[in-house]
Amino acid sequence: MTVFEYKEGRKVVNDKDIAYMLPVDGLEVDRLKMNHDLWKCIIGGLFKSPIHDRLEKGIRVLDIGCGPGWWTLDMAKLYPSSEFIAIDMADIFMTQDIPPNVTFKQMNAGVGLDFEDESFDFVFQRFLVMGFPTDQYLLSIQEMKRLLKPGGAIEILELINKFENASPAFDRFCSWVNEALATKNLDAFVAEKIPGYLTDAGYRDIQSIDYNVPIGSWGGHVGKLYLEVLKLALPASRVMVISHTPVTLDQFNDNLGQVLLDAHHFQVSNRYKLIYAIK
């Protein structure tokens, strides 16, 4: 079982086999729900892979690093004929009134997936840049291919920890987080390498979509929603930054305040990449 501890009032992982650096508590559950709703707006739905018809007929789907399970729960209601398995290293699953076609399992995907070969038609993974070191990310790519049936689909959505049109405070925050990630061999720019990883693993029909998500009212509804997400996401990184860099708590808090002010005066955006492919 995963081991946890409390730092700066937040529940975090304390397990040598898990590199995940963000909290796993109630505030994080709230952030992940807001982030899920944000991405439904950005991509106009729940996924980009061309598998709608197969989902309607009924297939088997795996959601890796599901968190509370918002994506799986929405998908299961939308496609009642399909079966959904969702896994995460922390038991923060939303288990009230779950549809009968959903199963949650606590599992550390970073060390392998406990499922049979060719047992899924669609594998979905998102936002594990702060959870998988490079070797585990490569393992995950291979494991997803092992689990997929021939012709099955893979889809990955990932943050690139880089702000466009950033103020100095945004740049400082970004550099601090990247420095903290590097201490555990986490690659803030792994998203840019995923298409190559999929090519090397033998996937085909690889498609890649780049997003620059606006922060603040200048970006309309999406920008306002993303700013609200960041009001939870940026403080969530406090523990990882002050634990793994020379940055002090006062320095972090002062810079955070400036970042939130700058979000109203700079047209800052955040980079993401969505990649999907076929086995």
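No experiment lies behind these values; they were computed from the predicted model shown. (Residues numbered from 1 in each chain as written. Predicted model: local features only at pLDDT ≥ 70, side-chain atom pairs only at ≥ 80, totals over all residues. Heavy atoms only, no water.)

**Overview of the packing of aromatic side chains**
Under the criterion given, the structure shown has 16 aromatic pairs. When the centroid spacing of 4.8 Å and the interplanar angle of 65° are considered together, the rings of Trp 39 and Tyr 272 count as edge-to-face. Of this pair, Trp 39 sits in helix H1 (residues 26-43) while Tyr 272 sits in strand E9 (residues 269-278), and the two are 233 residues apart along the sequence. Across the pair, Tyr 272 and Trp 39 agree in class, each one buried. Judged by centre distance (4.9 Å) and plane angle (10°), the ring pair of Phe 93 and Phe 104 falls under stacked. Residue Phe 93 is found in the loop between strand E4 (83-88) and strand E5 (102-106), and its partner Phe 104 is found in strand E5; the two are separated by eleven residues along the sequence. For Phe 93, a relative accessible area of 12% corresponds to the buried category. Members of the aromatic cluster, connected to one another through ring pairs, are Trp 39, Phe 127, Tyr 211, Tyr 226 and Tyr 272. The lysine or arginine in question, Arg 60, covers the ring of Phe 120, its NZ or CZ lying 4.4 Å from the ring centre. (Phe/Tyr/Trp six-rings, centres within 6.5 Å; stacked < 30°, edge-to-face > 60°. Helix = DSSP H or I, 4+ residues; strand = E, 2+ residues; numbered from the N terminus. Buried < 20%, exposed > 50% of the residue type's maximum accessible area, 1.4 Å probe, protein only. Lys NZ or Arg CZ within 6 Å of the ring centre and 35° of its normal.)

**Topic: the pairing of strand E3 (residues 60-64)**
In terms of burial, E3 is largely enclosed, as four of its five residues are buried. The sheet contact formed by E3 and E4 spans five bridges and is parallel. Directly across from Leu 62, in E4, lies its bridge partner Ile 85. A crossover connection joins E3 to the parallel E4 through helix H3 (residues 70-78); in handedness this β-α-β unit is right-handed. Pairing of E3 with strand E6 (residues 120-126) involves four bridges; the strand directions are parallel. (Pairing = 2+ DSSP bridges. Right-handed = clockwise from strand over helix to strand, strands pointing away.)

**Comments concerning helix H4 (residues 134-147)**
The periodicity of an α-helix, 3.6 residues per turn, causes residues three or four positions apart to be oriented the same way. Its 14 residues place the ends of H4 20 Å apart at the C-alpha level, agreeing with the 20 Å of an ideal helix rising 1.5 Å per residue. Of the positions making up H4, those classed as buried are Gln 136, Tyr 137, Ser 140, Ile 141, Glu 143, Met 144 and Leu 147. In this structure, the buried side of H4 is in contact with E3, E6, strand E7 (148-164) and helix H6 (194-201). (Expected span 1.5 Å × (residues − 1). Contact = heavy atoms within 4.5 Å.)

**Section: the UniProt feature "domain: Methyltransferase" (unreviewed entry) in the protein**
Under the local residue numbering, the UniProt record ascribes the feature "domain: Methyltransferase" (unreviewed entry) to residues 61-152. Taken end to end, residues 61-152 comprises 25% helix and 29% strand; its first and last C-alpha atoms sit 10 Å apart. (UniProt positions renumbered as here; feature names shortened; annotations may be inferred.)

**What to know about the packing of helix H5 (residues 168-182) against helix H9 (residues 249-262)**
Orientation of H5 relative to H9, taken along the N-to-C sense of each, is 130°, at an axis distance of 8 Å. Classified by the angle between their axes, H5 and H9 sit oblique to one another. The handedness of the crossing between H5 and H9 is left-handed. For the pair H5 and H9, the contacting residues are Ala 169, Phe 170, Arg 172, Phe 173 and Trp 176 in the first and Gln 251, Phe 252, Asn 255, Gln 258, Val 259 and Asp 262 in the second. Looking at side-chain class alone, the contact of H5 with H9 contains six nonpolar, three polar and two charged residues. (Axes fitted to C-alpha atoms, helices over the stretch in contact; angles between N-to-C directions. Parallel < 35°, antiparallel > 145°, perpendicular 65-115°, else oblique. Left-handed = near helix turned anticlockwise from the far one by under 90°. Nonpolar A, V, L, I, M, F, W, Y, C, P; charged D, E, K, R; others polar.)

**Focus: the sheet that holds E4**
Ordered in space as E5-E4-E3-E6-E7-E9-E8, the seven strands form an open sheet in which the pairing is mixed. In this open sheet, the two edge strands, each paired with only one partner strand, are E5 and strand E8 (204-214). Recorded for the sheet is a direction-independent mean angle of 15° between the axes of neighbouring strands. As judged from the six bridges shared by E6 and E7, these two strands associate in the parallel manner. Within E7, the residue paired with Val 123 across the bridge is Ile 154.

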